[in-house]
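The chain contents come next:
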Amino acid sequence: MSIADDPDRAPARSHLYAMGWSEEEMRRPVVGIASTWTGTMPCNLTHRELAAHVAEGVRAAGGTPMEFNTIAVSDNLTMHTPGMRASLVSREVIADSIELMGRAHEFDALVVIVGCDKTVPAGIMALARLDVPSVVLYSGSMMPGRWRGRDVTIQDMWEALGERAVGRLDQSDLDDLARHACPGAGTCAAQYTANTMGGVADFLGLAPFGVGDIPAVAEDKNAAARRVGEIAMQALARDARPSRVLTADALHNAIVSVAAMGGSTNAVLHLLAIAREAGLPLEIDEIGEVCRRTPIITGLKPSGGEHTALDLWRAGGTSLVVRRLLEAGLLRENVTLVDGRTLADVAADAQERPGQQVVASVEQPFKPRGALAILRGSLAPDGCVLKLGGKDDFRHEGPAKVFDSENDCYLAIEQDRIVAGDVIVVRYEGPAGGPGMREMLSITGPLVGRGLGSSVALVTDGRFSGVSHGRVIGHVAPEAYHGGPIALVRDGDTVIIDSAAGTIELAVPEEELERRRAAWRRPEREVERGVLTKYAATVGSASDGAVTA
Ligand code: FES
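Residues numbered from 1 in each chain as written. Predicted model: local features only at pLDDT ≥ 70, side-chain atom pairs only at ≥ 80, totals over all residues. Heavy atoms only, no water.

Next up on the list: the layout of surface pockets. Where empty space is left becomes clear once a probe the size of a water molecule has been rolled over the atoms. If you add up the space inside the largest pocket, you get close to 650 Å³. For the lining of the largest pocket, the elements supplying multiple residues, two or more each, are helix 1 (10-18), helix 2 (23-27), strand 2 (64-69) and helix 5 (85-105). By residue number, the principal contributor to the lining of the largest pocket is strand 2, which donates five residues. Along the lines of polarity and charge, the residues of the lining of the largest pocket split into 15 nonpolar, four polar and nine charged. Counting residues per element, the ones that place at least two in the lining of the second largest pocket are helix 10 (220-238) and helix 16 (317-327). Residue classes in the lining of the second largest pocket are distributed as seven nonpolar, five polar and six charged. (1 Å grid on protein atoms, 1.4 Å probe; cavity = no way out; pocket = protein on both sides within 12 Å on 5 of 7 lines; lining within 4 Å. Points joined across faces, edges and corners; volume = space filled by probe spheres on them. Helix = DSSP H or I, 4+ residues; strand = E, 2+ residues; numbered from the N terminus. Nonpolar A, V, L, I, M, F, W, Y, C, P; charged D, E, K, R; others polar.)

Have a look at this one:
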């Protein structure tokens, strides 16, 4: 019985009247519209406007919209600050808050509007928990900036720090680049974490293909948002709830998309977390296997080439990627898409721009294999993630330089204490140890800028920005805070990384490791109160997605 007709819900009706609802509106299906707008970042800056257009679409299709919003944390603004500890934690808080609103208000259907990195997996996780007919609206990428005759993104900004350090840029160049790198609203402008996860939402079937590709500030975006409102009502009519859409086959397709588009290492964490929320079995090694056999077919920064998300949209978008992957038999077709189309329909609808150079074929890809690899070995018995960047396999054997925090390592790079051949180990930055598993872009960017990107390896129980590249290995599990072997490494120990063999070994005799283990004491954490402490007490291993439930 609707609120309008239930005699005992008169008090509830009084609040709906207070918001201007009519009884007719109370009788219609109520569609929750969760926006992750905050005024703290360009990434989600358009969400309020999009929510208004989604609401229009809902109304036009016979529903009543009810808007609410969540927090969101900017990775770029918090990078290299203690605030970065809040980033991954925000994924859980956003998922929890959407879930709570869904449970509280019992929406008939839901639209989640997501953009910046953590908001996309968070929205999907919440939908999996609530399991009402749902649509994801990815708000879209920022346009690339233009500087000295070339397209630039936030990646250029971080790498410019290293170039300044070696004298290739001066401070005025850096400041000038900062004024041009990010020209307006939208998510970071290439295949970094946000766009990677936007693609995941498409391939999971929860977001309509073709909508997320539209840049945040493009004219077509608002009309697409209105269409999403209508699709939510259609999804309600077809009972297209996440348990019917987000299946094992859809999850497989999402992993293939991450591999084929050279996606971010963070996708590993988020895919594992989404799988757990959806009750689907997924082991970290399966993601590595898909990456090993799937080439990168988009020439996007940072792993596939030099193109930006805008270039992909103009070339034909993710629908064109679907066409190529279907032609090669790499996708599972027995999936339900939220807008009622099939993958074959999406492929047929793709508008390939003649002469485009952004989406290649599987037979002649940009890189022969996906951007990620999963390694295991004595340094990471439960696994870790290598960003291979689609390049050839490599073997790196070198002496460890060990840091107990990201900041100590940053200083060492600034002071030229890192040299070619080194294996940098940054620990106590894991999900529980950080707490919050900070991203290390302030290390990887300057390393690349100094020309050390392919001669120095970086190993950490923290994680990386989607912008990061070079020989970077994160998510080492078990993490140092829980006494994993990474806690036992000492300066000068030999670390051997073999990407072809999928191994990462600490070349220290077992008896010596036993001695170190016996002497090891868990260090005090810098933060021991509030939400980070709550998080640290419940968060699981990175190899299980660092989830808190
Ligand atoms: Fe928000 Fe990159 S910091 S998308």
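Going through the model one piece at a time under the given rule, you end up with two aromatic pairs. When the centroid spacing of 5.1 Å and the interplanar angle of 85 degrees are considered together, the rings of phenylalanine 203 and phenylalanine 209 count as edge-to-face. The residues phenylalanine 203 and phenylalanine 209 share a single accessibility class, namely buried. Seen from the ring of tryptophan 37, arginine 48 lies directly overhead, with NZ or CZ sitting 3.7 Å from the centre. Lying across the ring of tyrosine 481, arginine 522 places its NZ or CZ 4.7 Å from the centre. (Phe/Tyr/Trp six-rings, centres within 6.5 Å; stacked < 30°, edge-to-face > 60°. Buried < 20%, exposed > 50% of the residue type's maximum accessible area, 1.4 Å probe, protein only. Lys NZ or Arg CZ within 6 Å of the ring centre and 35° of its normal.)

This paragraph deals with the UniProt feature "modified residue: N6-carboxylysine" (unreviewed entry) in the chain. Per the UniProt record, "modified residue: N6-carboxylysine" (unreviewed entry) is found at Lys118. Here lysine 118 is to be found in the loop between strand 3 (109-114) and helix 6 (119-130). For lysine 118, a relative accessible area of 2% gives the class buried. Sequence-distant contacts of lysine 118, defined by excluding residues within four places in its chain, comprise Asp75, Ser87, Leu88, Ser90, Arg91, His270, Glu439 and Arg463. A polar contact of 3.2 Å, which involves the side chain of lysine 118, links it to the side chain of serine 87. (UniProt positions renumbered as here; feature names shortened; annotations may be inferred. Contact = heavy atoms within 4.5 Å. Polar contact = N/O pair within 3.5 Å; in protein donor to acceptor, adjacent residues only side chain to side chain.)

Take the sheet that holds strand 3 next. The strands making up a sheet are joined through hydrogen bonds of the backbone, oriented either antiparallel or parallel. The parallel open sheet is built from four strands, whose spatial order is 2-1-3-4. The open sheet has two edge strands, strand 2 and strand 4 (134-138), and neither has a second partner. Across the sheet, the mean angle from the axis of one strand to that of its neighbour is 20 degrees, orientation sign disregarded. Bridge count for strand 3 against strand 4 is five bridges, and the pairing is parallel. Directly across from valine 114, in strand 4, lies its bridge partner tyrosine 138. Strands in contact with helix 6 are strand 3 and strand 4; relative to strand 3, the strand with the most contacts, it is inclined by about 170 degrees. Here helix 10 sits on the sheet and contacts strand 1 (30-35), strand 3 and strand 4; the angle it forms with strand 4, its principal contact strand, is near 165 degrees. (Pairing = 2+ DSSP bridges. Axes fitted to C-alpha atoms, helices over the stretch in contact; angles between N-to-C directions.)

In the contact formed by helix 5 and helix 21 (residues 530-538), the axes pass within 11 Å of each other and the chain directions differ by 65 degrees. What the angle tells us is that helix 5 and helix 21 run roughly perpendicular. Pair helix 5 / helix 21 crosses with left-handed handedness. Listed contacts from helix 21 to Arg85, Leu88, Val89 and Glu92 of helix 5 are Val531, Leu532 and Tyr535. Residues of the contact of helix 5 with helix 21, tallied by class, amount to five nonpolar, no polar and two charged. (Parallel < 35°, antiparallel > 145°, perpendicular 65-115°, else oblique. Left-handed = near helix turned anticlockwise from the far one by under 90°.)

Summed over the entire model, instances satisfying the criterion amount to three cavities of 30 Å³ or more. Empty space within the largest cavity amounts to approximately 140 Å³. Mapped onto the lining of the largest cavity, the elements with two or more residues apiece are helix 9 (193-203) and helix 15 (309-315). In terms of residue count, helix 9 provides more of the lining of the largest cavity than any other element does, four residues in total. A per-class count over the lining of the largest cavity returns five nonpolar, seven polar and two charged. Lining the second largest cavity are 17 residues, with Asp75, Asn76, Asp117, Cys188 and Ser465 sitting closest to its centre. Among the secondary structure elements, those contributing two or more residues to the lining of the second largest cavity are helix 4 (75-78), helix 7 (154-165) and helix 9. Here the lining of the second largest cavity is built from residues that sort into 10 nonpolar, five polar and two charged.

The feature "active site" (unreviewed entry), as annotated in UniProt, sits at Ser465 in this numbering. You can see serine 465 is positioned in the loop between strand 11 (457-460) and strand 12 (471-474).

Bringing the pairing of strand 14 (residues 503-506) into the picture now. Of the two faces of strand 14, the one holding Ile504 and Leu506 is buried and the one holding Thr503 and Glu505 is not buried anywhere. Hairpin connection between strand 13 (residues 494-498) and strand 14: a loop of four residues separates the two successive antiparallel strands, and glycine 502 in this loop has a positive phi of roughly 70 degrees.

In this section: helix 7. Taking 1.5 Å per residue as the helical rise, helix 7 with its 12 residues ought to reach 16 Å, and the 18 Å between its terminal C-alpha atoms agrees with that figure. With nine of 12 residues buried, helix 7 lies mostly within the body of the structure. Check the buried side of helix 7 and you find it contacts helix 4, strand 6 (150-152), helix 8 (171-180) and helix 19 (441-449). Looking one or two places after helix 7, you find glycine 167, whose phi comes out positive at around 85 degrees. (Expected span 1.5 Å × (residues − 1).)

This part is about the environment of isoleucine 284. Mapped onto the fold, isoleucine 284 is located in helix 14 (residues 284-293). Taking relative accessible area as the criterion, isoleucine 284 reaches 2% and is therefore assigned buried. Separated by 12 residues in sequence, isoleucine 284 and leucine 272 have C-alpha atoms that sit 7.2 Å apart. With residues near it in sequence (within four places) discarded, isoleucine 284 still touches Val268, Leu272, Ile374, Arg376, Val385 and Ser543.

Inspection of helix 14 places Ile284, Ile287, Gly288, Val290 and Cys291 among the buried residues, and these make up the whole buried set. Along helix 14, the residues classed as buried sweep out an arc of 160 degrees about the axis, all on the same side. Buried residues belonging to helix 14 abut helix 12 (248-260), helix 13 (266-278), strand 7 (372-377) and strand 8 (380-387). (Arc of directions from axis to C-beta.)

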